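# Per-entry structural report
The primary structure of each chain is shown beneath.
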Amino acid sequence: MGAPYLAAAHRTEVVPLRHVTGDDLMPVLEEETSTWRETLEWDFCPSAELVLRFVNMHSLSGYALMVGGKLAGYAYYLSEDRKGLIGDVYVAKEHRTQELENQLLAAVLEALREESVRRVESQLMMLAGPIDRPMPLANYLRVFRRTFMVWDGSGPELKEGNAGERLLLESWRDERHEEASQLIGMAYHGHIDSQINDQYQSIAGARRFLLNIVQYPGCGRFYQPSSYLAFHKDTGQPCGLILGSLVAENVGHITQVCVLPEMRGQGVGYELMRNSMHQLREYGCRKITLTVTSCNESAIRLYESMGFRRMREFAAHVWDGF
């Protein structure tokens, strides 16, 4: 009796999310929320609530990992226009292995292939050993190193730079959505980040990107006072953009910062960062975080000069050409 019982207790199975309920998923979401808080000081509650709502509606595409008949992990995805986005993969600490995470990833990728998706993107910050780990469908995969950075109040006093006299910074207004979309498209033309997120490759994609940032909690709650468009005073043309959010009550996040290629190296990024950080500090943020592609050395030098430090590395995964 002992051996069959042990085998049943450890049997793993991947089932569609529509076969589980919010009550089944709740313990894993609660642990994941604690993990985000302990690891990055991010409040994962808004994202968890969104997942829970759609699971209860049986309308979230994805899979649950069952171990011994009990839900031990989950993954979900979105798809549109032959592109897939893996929103999350999380396996409870008690059961977490790369093999079990890969079972979920493989199920998601196969489902997307059946939907005739050609490209899949993901940035899964809680994945175990994310940089040099085995992954499903590795022959289609490219891995991009990303760096998570944090400012905790240390660093130099941030005074206005020389570019401040040549720039007009305007707080974010929804009426500027189209100008901001065009700016993103131009700023990321040929940039490595457009290989990670193909929404940067077109104006239409940039529109969707901005809409997601402003309306949904994936990168925190959008904080309008810390979000700016920069205009060149002489020409009146937009030349830079920064978007800020709140990822916890006292932790801010720089969601997006970009500068037109011809304006880089002239202090535009510094002024955008300085003003955004000031607004987040005024709100009460004691920490500010951001993520950056690890080979973007000039951006990392700027952030470090402003008091940010590298905290951890994670991976952006792109499967292309199924």
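Our subject is the structure listed above.
In short, a report on the structure.

Here we come to the overall build of the protein. Within the protein one finds 9 helices and 13 strands. For the protein, the C-alpha atoms occupy an extent of roughly 80 × 40 × 35 Å along the three principal directions. Within the protein, residue pairs in contact and separated by at least 24 positions form 73% of the contacts whose partners lie at least 6 positions apart. Per element, the accessible surface of the protein, about 15400 Å² overall, is 48% carbon and sulfur. The centroid of the 33 positive side-chain charges in the protein is displaced by 3 Å from the centroid of its 41 negative side-chain charges.

Mapped onto the elements, Lys83 comes out in strand 4 (residues 83-91). We classify Lys83 as buried; its relative accessible area is 16%. Side chain to side chain, Lys83 and Asp198 meet in a polar contact 2.6 Å long. The contact partners of Lys83, leaving out residues within four places of it in the chain, are Leu78, Val117, Arg119, Glu121, Asn197, Asp198 and Gln199.

Ile184, Leu241, Met273 and Phe308 are the most contacted members of the largest nonpolar core, which totals 46 residues. Ranked by size, the runner-up nonpolar core spans 28 residues in total, among them Val28, Val51, Tyr74 and Phe314.

Looking now at the packing of helix 5 (residues 177-187) against helix 7 (residues 203-215). The axes of two packed helices give the description: the angle between them and the distance between them. Close contact between helix 5 and helix 7 brings their axes to 8 Å; oriented N to C, the two are set at 120°. Looking at the two axes, helix 5 sits oblique to helix 7. Judged by the twist between their axes, the crossing of helix 5 over helix 7 is right-handed. Across from His177, Glu178, Ala180, Ser181, Gln182, Ile184 and Gly185 in helix 5, the residues of helix 7 making contact are Ile203, Ala206, Arg207, Phe209, Leu210 and Leu211.

Right, let's get into the state of the cysteines. Per the stated rule, a full pass over the model turns up 0 disulfides. Cys258 takes part in no disulfide bond, and the closest cysteine sulfur, belonging to Cys239, lies 10 Å away. Here Cys258 falls in the buried class, since its relative accessible area comes to 5%. With no disulfide of its own, Cys295 has Cys258 as its nearest cysteine by sulfur position, at a separation of 17 Å.

Okay, the pattern of salt bridges next. Under the criterion given, the structure shown has 22 salt bridges. Glu31 is the partner of Arg96 in a salt bridge, and the nearest nitrogen-oxygen pair spans 3.8 Å. In this pair, Arg96 is assigned in the loop between strand 4 and helix 4 (98-114) and Glu31 in helix 2 (residues 22-40), connecting sequence segments 65 residues apart. Across the pair Asp198 and Arg119 runs a salt bridge, and its minimum N-O distance is 3.6 Å. Remark: Arg119 occurs in strand 5 (residues 119-123) and Asp198 occurs in the loop between helix 6 (193-196) and helix 7; sequence separation between them is 79 residues.

What follows covers helix 7. An α-helix turns once per 3.6 residues; consequently, residues spaced three or four apart project the same way. With 13 residues, helix 7 should cover 18 Å at 1.5 Å per step; its first-to-last C-alpha distance of 18 Å lies within 8% of that length. Every buried residue belonging to helix 7 is among Gly205, Ala206, Phe209, Leu210 and Ile213, and all of these are buried. When helix 7 is viewed along its axis, its buried side chains cluster within an angular range of 135° and face the same direction. Contacts made by the buried residues of helix 7 are with helix 5, strand 8 (221-222), strand 10 (238-248) and strand 11 (251-259).

Tallied over the entire structure, the rule returns 9 aromatic pairs. Note on Tyr140 and Phe322: the rings are 5.3 Å apart at their centroids and 90° apart in plane angle, and the pair reads as edge-to-face. Taken together, the residues Tyr140 in the loop between strand 5 and strand 6 (141-151) and Phe322 in the segment after strand 13 (309-320) connect sequence positions 182 residues apart. Taking relative accessible area as the criterion, Tyr140 reaches 23% and is therefore assigned partly exposed. On the basis of relative accessibility, which here comes to 13%, the residue Phe322 falls in the buried class. On the numbers, 4.0 Å between centres and 5° between planes, the contact of Tyr188 with Tyr200 is stacked. Within this pair, whereas Tyr188 is found in the loop between helix 5 and helix 6, its partner Tyr200 is found in the loop between helix 6 and helix 7, the two being separated by 12 residues in sequence. Pairwise contacts between aromatic rings join Trp36, Trp42, Phe44 and Phe148 into one cluster. We note Arg113 situated over the ring of Phe322; from NZ or CZ to the ring centre the distance is 5.5 Å.

Definitions and cut-offs
Residues numbered from 1 in each chain as written. Predicted model: local features only at pLDDT ≥ 70, side-chain atom pairs only at ≥ 80, totals over all residues. Heavy atoms only, no water. Helix = DSSP H or I, 4+ residues; strand = E, 2+ residues; numbered from the N terminus. Contact = heavy atoms within 4.5 Å. Areas by Shrake-Rupley, 256 points an atom, 1.4 Å probe, with all protein chains shown as cover. Lys, Arg positive; Asp, Glu negative; His and termini not counted. Charge placed at Lys NZ, Arg CZ, Asp CG, Glu CD. Buried < 20%, exposed > 50% of the residue type's maximum accessible area, 1.4 Å probe, protein only. Polar contact = N/O pair within 3.5 Å; in protein donor to acceptor, adjacent residues only side chain to side chain. Core = buried A, V, L, I, M, F, W, Y, C linked by side-chain atoms within 4.5 Å. Axes fitted to C-alpha atoms, helices over the stretch in contact; angles between N-to-C directions. Parallel < 35°, antiparallel > 145°, perpendicular 65-115°, else oblique. Left-handed = near helix turned anticlockwise from the far one by under 90°. Disulfide = S-S within 2.5 Å. Salt bridge = Lys/Arg side-chain N within 4 Å of Asp/Glu carboxyl O. Expected span 1.5 Å × (residues − 1). Arc of directions from axis to C-beta. Phe/Tyr/Trp six-rings, centres within 6.5 Å; stacked < 30°, edge-to-face > 60°. Lys NZ or Arg CZ within 6 Å of the ring centre and 35° of its normal.

Interpretation note: all reported values are geometric properties and have no functional meaning in isolation.
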